[in-house]
Amino acid sequence: MLALLGLKPEVQDTCTSLGLMLSVVLFMGLARVIARQRLHSPKAHAFVLEFLATFQLCCCTHELLVLSEQDPANPTWPLTLIYFFSLVHGVTSLGTASNPCGVMMQMMLGGMSPELGAIGLLAQLISALCSRYCIGALWSLGLTKYHVSERSFACRNPIHVDLPKAVVIETIFSFIFHSALLHFQEIRTKLRIHLLAALITFLVYAGGSLTGAVFNPALALSLHFKCFDEAFSQFFIVYCLAPSLGILFMVLMFSLFLPWLYNNHIINKKE
C-alpha cells in the first residue's frame, strides 16, 4: 500500500513502525474498555489494567528504538516521538503505574495495599516478558528492513559508563521522575501529562547515551532480557536496584527529612 503511494523506502519503514505502535495503542485501549465492562473483581481489574499498560509501554518502546535507528543523524526525531508517545501513554494509561517503582512508591506512601501492590508487580513482570516475545513475533514478519526477530533476542548493551556512574544516573533519574510524579498530582491532568512527557524526554536526552535512561525495571527487563541473562548482577544493580534506591531516597526525603527540617526550623524560630 505504501509502495503504491510512491513513498521512499525509509519513509515506508517509518510509517510502518508508527502504524504498528498505533495498532498496539488501539488494541490495548479496546482491551481496557472490555476489561472495565466485564471485570468486577477489584483484584482482577487491577491486574489486567496494569498488564495492558505495561504491555503497551514495552511494545511501543521496542518500536521507538527501531525508529531511532532509522535516522541516527537526526536526534530530534526520536526525542519528538518519545514526547508524543509519552503523551499518548499518559492519556491512555491513567490510574496505572507501568513501573514497579511507581507501585513501590504508592505502597511506601500508604496509597496502595501490599496485596494490590503485589498484584501490580506480578502483572508488570508477566507483561514485560510477554511484550518481548510478542514484539519478536511481529518483527519476524519482516514488515520493514529493521524488523528482524534476531534483534529481540540479542543483547544490545545500553550501558556506556562504568557501573558506579550507571547506578548514580539511574538512581537520580528515578528520584527526579517520581518526585515530579508525586508533586504534580495537584496540577490539572492535561497539564500534568504534558509536564511529565517533557520531563521524560529531557531525561532520555540527558542519559539515553549513557544508560538508556530507563528508570523502570519492568521496561528494562523487556528491552534487555538477554543482557540480564548474560550479565545479571550488573543489569540487576543498574536497572532494578538503582531505581528502587531512587524511590527510597525520595520517600525518605519528602516524608521524613524535610518535615523534620521544617519542624526544627519552627522550633528554632519560637526560641
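Cut-offs applied
Residues numbered from 1 in each chain as written. Predicted model: local features only at pLDDT ≥ 70, side-chain atom pairs only at ≥ 80, totals over all residues. Heavy atoms only, no water. Axes fitted to C-alpha atoms, helices over the stretch in contact; angles between N-to-C directions. Helix = DSSP H or I, 4+ residues; strand = E, 2+ residues; numbered from the N terminus. Left-handed = near helix turned anticlockwise from the far one by under 90°. Contact = heavy atoms within 4.5 Å. Nonpolar A, V, L, I, M, F, W, Y, C, P; charged D, E, K, R; others polar. pLDDT = per-residue confidence, 0-100. Core = buried A, V, L, I, M, F, W, Y, C linked by side-chain atoms within 4.5 Å. Buried < 20%, exposed > 50% of the residue type's maximum accessible area, 1.4 Å probe, protein only. Salt bridge = Lys/Arg side-chain N within 4 Å of Asp/Glu carboxyl O. Phe/Tyr/Trp six-rings, centres within 6.5 Å; stacked < 30°, edge-to-face > 60°.

Enquirer: Looking at this structure, I do not really get the packing of helix 3 (residues 76-92) against helix 8 (residues 189-207). What am I missing?
Expert: How two helices pack is summed up by the angle between their axes together with the distance between the axes. Close contact between helix 3 and helix 8 brings their axes to 8 Å; oriented N to C, the two are set at 140 degrees. Once helix 3 is placed against helix 8, the crossing between them reads as right-handed. Packed against helix 3, whose contacting residues are Leu79, Ile82, Tyr83, Ser86, Leu87, Gly90 and Val91, the element helix 8 presents Ile193, His194, Ala197, Ala198, Ile200, Thr201, Val204 and Tyr205 at the interface. Looking at the contact of helix 3 with helix 8 residue by residue, the class counts come to 11 nonpolar, 4 polar and no charged.

Enquirer: What should I look at first to understand the confidence of the model for the protein chain in this one?
Expert: Reading predicted coordinates in detail is not appropriate for stretches of low pLDDT. Of all residues in the protein chain, 93% attain a pLDDT of 70 or more, and the chain-wide mean is 89. For the protein chain, helix 6 (residues 149-152) is the element with the lowest average pLDDT, namely 69, and helix 7 (residues 163-183) is the one with the highest, namely 95.

Enquirer: Looking at this structure, how should I read the nonpolar core?
Expert: Generally speaking, soluble globular proteins have nonpolar side chains that are buried together. Ranked by size, the top nonpolar core spans 29 residues in total, and within it Leu64 and Phe177 carry the most contacts. At the level of elements, helix 1 (9-38), helix 2 (42-70), helix 3, helix 5 (114-139), helix 7 and helix 8 are the ones that each hand at least two residues to this core. Ranked by residue count, the leading element in this core is helix 2, at 8 residues. Ignoring sequence-local partners within four residues, the contact set of Phe177 consists of Leu196, Leu199, Ile200, Leu203 and Phe215. Membership of the second largest hydrophobic core comes to 18 residues, among which are Ala128, Val214, Leu221 and Cys227.

Enquirer: Is there a simple way to explain the pattern of salt bridges in this structure?
Expert: Side-chain pairs of opposite charge can arise where the charged atoms are in close proximity. Going through the model one piece at a time under the given rule, you end up with 3 salt bridges. In this structure, Glu115 engages Lys43 in a salt bridge whose closest nitrogen and oxygen atoms are separated by 2.5 Å. Of this pair, Glu115 sits in helix 5 while Lys43 sits in helix 2, and the two are 72 residues apart along the sequence. A salt bridge links Lys226 to Asp229; the nearest nitrogen and oxygen atoms lie 4.0 Å apart. You can see Lys226 and its partner Asp229 sitting in helix 10 (residues 225-230), 3 residues apart, about one turn around the helix. Take Lys226: its relative accessible area is 29%, and that puts it in the partly exposed class. In this structure Asp229 comes out as exposed when scored by relative accessible area, which is 56%.

Enquirer: Is there a simple way to think about helix 4 (residues 100-108) in this case?
Expert: Of all the positions in helix 4, only Pro100, Cys101, Gly102, Val103 and Met105 are classed as buried. Just downstream of helix 4, Gly110 is the residue with a positive phi angle, here 85 degrees.

Enquirer: Which parts of the structure should I look at to understand unusual backbone geometry?
Expert: Note: most residues except glycine have negative phi, and most peptide bonds are trans. The phi dihedral of Ser98 is positive, around 60 degrees, even though this residue is not glycine. Looking at the secondary structure, you find Ser98 in the loop between helix 3 and helix 4. Owing to a relative accessible area of 3%, Ser98 belongs among the buried residues under this scheme. For Ala213, which is not glycine, the phi torsion reads 50 degrees and is therefore positive. Within the secondary structure, Ala213 is located in the loop between helix 8 and helix 9 (217-223). Judged by its relative accessible area of 6%, Ala213 is buried.

Enquirer: Explanation requested: the packing of aromatic side chains in the structure shown.
Expert: To describe a pair of aromatic rings, you give the distance between the ring centres and the angle between the ring planes. Going through the model one piece at a time under the given rule, you end up with 9 aromatic pairs. Considering the side-chain rings of Phe175 and Phe254, the 6.4 Å spacing of their centres and the 20 degrees angle between planes classify their relative orientation as stacked. Placement of Phe175 in helix 7 and of Phe254 in helix 11 (residues 232-270) is noted, with a sequence separation of 79 residues between them. Residue classification places Phe175 among the partly exposed positions, given a relative accessible area of 22%. The partly exposed category is assigned to Phe254, whose relative accessible area is 28%. Grouped by ring-pair contacts, the aromatic residues Phe47, Phe51 and Phe55 constitute a single cluster.

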